[in-house]
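Descriptive analysis of the structure
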Amino acid sequence: MIRLFRILLMNAWRGLRSYDGVLMAIALIFGSAGALAIGSKVDAAISQPVSNETKGAIHAQSGGLALVMKAHDFSMQNSSRVARRRLKAGKNADINKFATVPSTGSNGDGPESTAPSQPAQPVVASVQLTPEQLACQQGQTIVQSAQATLQNPLTNSVTVIWYWETRIDAGTNTSGMSPISDTSNSQSLAAGATTISFTASDSSQPLLSAPANSDYAYSFRLHVLIDGTDTTSAWTSIPQAANCQ
């Protein structure tokens, strides 16, 4: 009986260490006292005949001990439920901690970016020489003018760079000099423009006069650069002087 009393006191002490077990601990203390009393009466009953009054007292105190044990079981179940709720709440907190935030791009529910769009880069659609059908006559091929067409009107004023390129198609250029000057030229173009015209500084002169050479045949084309974008005309062939009518 003393061993049972010690066990009940230890359970009471454990219950006092947490708020949830205070009620259970108080009940266990009173239950322990009742159990000790029952044990004393049982020991006395063993040494002498038990009267009806003593039996009733023992029965009543046994019932009280049973209620104490039921309270202990209920408190333990309640503590277990509280522990499970705390564990579940901790897991939910961890899940929310690592939850990803939905993207706020154009495909999401968040506001779309309001950054201003960049103006379209000017692009040359084509470069044409005039006349379109160039012919070598009296040892010369004449280009009166040239024109570049833009894909879209210019949003800002720009500087246009242009120059001629040549290549040797047949024969040998022993002089090492280009038959056409490859010097770069520039001109300004205002916003809103859709075409670029190239003419000689002297309006009475052609834009280019390409001479035929007796040692080689060659070709030339026009380069037009806007903001680093290079667009060229088609190649124009110049035969050797003997074949230039």
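For the structure given in this document, a descriptive report is provided here. (Residues numbered from 1 in each chain as written. Predicted model: local features only at pLDDT ≥ 70, side-chain atom pairs only at ≥ 80, totals over all residues. Heavy atoms only, no water.)

So, about the sheet that holds strand β1 (residues 124-130). Reading across from one edge, β1-β4-β7 is the order of the three strands in this open sheet, with antiparallel pairing throughout. The strands lining the two open edges of the sheet, one partner per strand, are β1 and β7 (195-198). Sheet twist, expressed as the mean angle between neighbouring strand axes with direction ignored, is 15 degrees. Two elements, strand β4 (residues 145-150) and β7, share four bridges in a ladder whose sense is antiparallel. Each residue of the ladder has a partner; that of T149, found in β7, is T195. (Pairing = 2+ DSSP bridges. Helix = DSSP H or I, 4+ residues; strand = E, 2+ residues; numbered from the N terminus. Axes fitted to C-alpha atoms, helices over the stretch in contact; angles between N-to-C directions.)

Now for unusual backbone geometry. In this structure, P131 follows T130 across a cis peptide bond, with omega equal to 0 degrees. Tracing the chain through its elements places P131 in the loop between β1 and β2 (136-137). Positioned with a positive phi, Q138 is a non-glycine residue whose angle comes to about 55 degrees. Along the polypeptide, Q138 turns up in the loop between β2 and β3 (140-143). Of note, the phi angle at D227 is positive, near 55 degrees, even though the residue is not glycine. If you trace the backbone, D227 turns up in the loop between β9 (216-226) and β10 (229-232).

Moving on, we get to the pattern of salt bridges. Taken as a whole, this structure holds two salt bridges when the rule is applied. R221 is paired through a salt bridge with E165; the nearest N and O atoms lie 2.7 Å apart. Note that R221 is positioned in strand β9 and E165 in strand β5 (residues 158-171), a separation of 56 residues in sequence. (Salt bridge = Lys/Arg side-chain N within 4 Å of Asp/Glu carboxyl O.)

Remember that side chains alternate between the two faces of the sheet whenever the strand is regular. β9 sits mainly inside the fold: 10 of its 11 residues count as buried. One ladder, built from three bridges, connects β9 with strand β11 (residues 236-238); its direction is antiparallel. Among the inter-strand pairings, F220 is bridged to a residue of β11, identified as T236. Pairing of β9 with β10 involves four bridges; the strand directions are antiparallel. Within the sheet, the bridge partner assigned to L225 lies in β10 and is D230. Between β9 and β10, which follow one another and run antiparallel, lie two residues, and D227 among them has a positive phi close to 55 degrees. (Buried < 20%, exposed > 50% of the residue type's maximum accessible area, 1.4 Å probe, protein only.)

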